[in-house]
Amino acid sequence: SKDADKDKPVDFAYLVRRVFTNKVILTIIVAEFCTGFVRQGVLLWYVPFLKEVHNITAGVTLFTVASTGITVGGILGGLLCGYLSDHVFQSRRPPVAFVFYIGQIIALLLLGYVTSPVMAALLIPFTCMWIFGVHGMLSATSAMDFGGTKAAATVTGICDGVQYIASGLTGFLLGGALDKYGWGAWTWMIIPFAICGALLMTRLWNETPLRK
């Protein structure tokens, strides 16, 4: 269980062993890298996307709907993800994370094909709902579940750290692709990371905090 290590001394060697010898934690870290790319890939580029593709600029109502909706979608995603994990999947985190990765894929596909400015503005927060739900579930809840009482903060820090590494890649990687292929490539460059996250969750499907 997460308290099995309560009598062991906490030092750097212990934290390294706890994190880098645990396949569940390593899988979550890789999944969080994917989440970071998806999250920042949307947040960094949705403003120029709305402006150049749908003529939605800062100050108009639809832009306000999209930008304010990101916060609302993120809150709803976190609440929904936690509720489903606890009440539908018996406190298992990977199954609900898998569902939310699938939600990301569907939302990104719709965002890439939609032609209506209204729908595009609404799809931004809808997409973020699926993204932020997974982020909270994996970086915080799963870190506490599988990191143990003494390594939870370290695991959370690593998960957040790899997200920022992935976020940094979205600038020049997506920017270069957009310069070369146009906005038609935007969501298609992000979707593979959501697919990877979903596949990783299938490897942890039955993992729980109490599973040895």
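Residues numbered from 1 in each chain as written. Predicted model: local features only at pLDDT ≥ 70, side-chain atom pairs only at ≥ 80, totals over all residues. Heavy atoms only, no water.

Novice: Account for the overall build of the protein chain, naming residues and giving values.
Specialist: Counting its regular elements, the protein chain contains eight helices and zero strands. Reading the protein chain from its N end, one meets helices and strands in the order α-α-α-α-α-α-α-α. Partitioning the contacts of the protein chain with sequence separation of at least 6, the portion at a separation of at least 24 is 79%. For the protein chain, the computed accessible surface area is about 10,100 Å², with 67% contributed by carbon and sulfur atoms. (Helix = DSSP H or I, 4+ residues; strand = E, 2+ residues; numbered from the N terminus. Contact = heavy atoms within 4.5 Å. Areas by Shrake-Rupley, 256 points an atom, 1.4 Å probe, with all protein chains shown as cover.)

Novice: Please give an account of the state of the cysteines that cites residues and values.
Specialist: With the rule as written, the count across this model stands at zero disulfides. With no disulfide of its own, Cys34 has Cys196 as its nearest cysteine by sulfur position, at a separation of 3.6 Å. Judged by its relative accessible area of 4%, Cys34 is buried. (Disulfide = S-S within 2.5 Å. Buried < 20%, exposed > 50% of the residue type's maximum accessible area, 1.4 Å probe, protein only.)

Novice: Just give me the short version of the pattern of salt bridges, but keep the residues and values in it.
Specialist: Here the structure, examined in full by the defined rule, presents one salt bridge. A salt bridge links Arg93 to Asp86; the nearest nitrogen and oxygen atoms lie 3.1 Å apart. (Salt bridge = Lys/Arg side-chain N within 4 Å of Asp/Glu carboxyl O.)

Novice: Pulling in residues and values, what's your account of unusual backbone geometry?
Specialist: Among all residues save glycine, negative phi is the norm, and among peptide bonds the norm is trans. One non-glycine residue, Asn55, adopts positive backbone phi at about 60°. The topology assignment puts Asn55 in the loop between helix H3 (46-54) and helix H4 (61-87).

Novice: Outline the packing of aromatic side chains, listing residues and values.
Specialist: Going through the model one piece at a time under the given rule, you end up with 10 aromatic pairs. Between the aromatic rings of Trp183 and Trp186, the centroid separation amounts to 5.7 Å while the plane-to-plane angle is 90°, which identifies the pairing as edge-to-face. Of the two residues examined, Trp183 and Trp186, each falls in the buried class. Taken together, the aromatic side chains of Trp45, Phe49, Trp183 and Trp186 make up a single cluster linked through ring pairs. (Phe/Tyr/Trp six-rings, centres within 6.5 Å; stacked < 30°, edge-to-face > 60°.)

Novice: Describe the nonpolar core, naming the residues involved and giving the relevant values.
Specialist: Among the nonpolar cores identified, the biggest contains 29 residues, and Tyr46, Leu50, Ile124, Trp186 and Ile190 are the most heavily contacted of them. Elements with a contribution of two residues or more to this core: helix H2 (23-43), H3, H4, helix H5 (93-113), helix H6 (117-147), helix H7 (152-181) and helix H8 (186-202). Among all residues touching Ile124, those that are not within four sequence positions of it are Tyr46, Leu50, Ala66, Ile70 and Leu111. By size, the runner-up hydrophobic cluster in this structure holds 24 residues, among which are Ala97, Met129, Val162 and Met201. (Core = buried A, V, L, I, M, F, W, Y, C linked by side-chain atoms within 4.5 Å.)

Novice: Talk me through the environment of Ala66; I want residue IDs and the actual numbers.
Specialist: Tracing the backbone shows Ala66 in helix H4. Sequence separation of Ala66 and Val118 is 52 residues, and the distance between their C-alpha atoms is 9.4 Å. Setting aside residues no more than four positions away along its own chain, Ala66 makes contact with Leu50, Ala121, Ile124 and Pro125.

Novice: Account for the packing of H4 against H5, with residues named and values stated.
Specialist: It is at 8 Å that the axes of H4 and H5 come closest, and there the two elements cross at 140°. On the basis of the axis angle, H4 is oblique to H5. Viewed along their axes, H4 and H5 form a crossing whose handedness is right-handed. Judged by residue contacts, Gly77, Leu80, Cys81, Leu84, Ser85 and Asp86 of H4 engage Arg93, Val96 and Phe100 from H5. Its residues assigned to classes, the contact of H4 with H5 comprises five nonpolar, two polar and two charged. (Axes fitted to C-alpha atoms, helices over the stretch in contact; angles between N-to-C directions. Parallel < 35°, antiparallel > 145°, perpendicular 65-115°, else oblique. Left-handed = near helix turned anticlockwise from the far one by under 90°. Nonpolar A, V, L, I, M, F, W, Y, C, P; charged D, E, K, R; others polar.)

Novice: An account of the side chain of Arg39 is needed here, citing residue identities and associated values.
Specialist: Following the sequence through the fold, Arg39 ends up in helix H2. With relative accessibility at 12%, the residue Arg39 sits in the buried group. When neighbours within four sequence positions are excluded, Arg39 is seen to be in contact with Ile131, Phe132, Gln163, Tyr164 and Ser167.

Novice: Before we move on, can you summarise the packing of H5 against H8 with the specific residues and values?
Specialist: Between H5 and H8, the shortest axis-to-axis distance is 8 Å and the interhelical angle comes to 165°. It follows that H5 is roughly antiparallel to H8 by the angle criterion. Crossing of H5 against H8: the hand is left-handed. Contacts from Pro94, Ala97, Phe98, Tyr101, Ile102, Gln104, Ile105, Leu108, Leu109, Leu111, Gly112 and Tyr113 of H5 reach H8 at Trp186, Thr187, Trp188, Ile190, Ile191, Ala194, Ile195, Gly197, Ala198, Met201 and Thr202. For the contact of H5 with H8, a count of residues per class yields 18 nonpolar, five polar and no charged.

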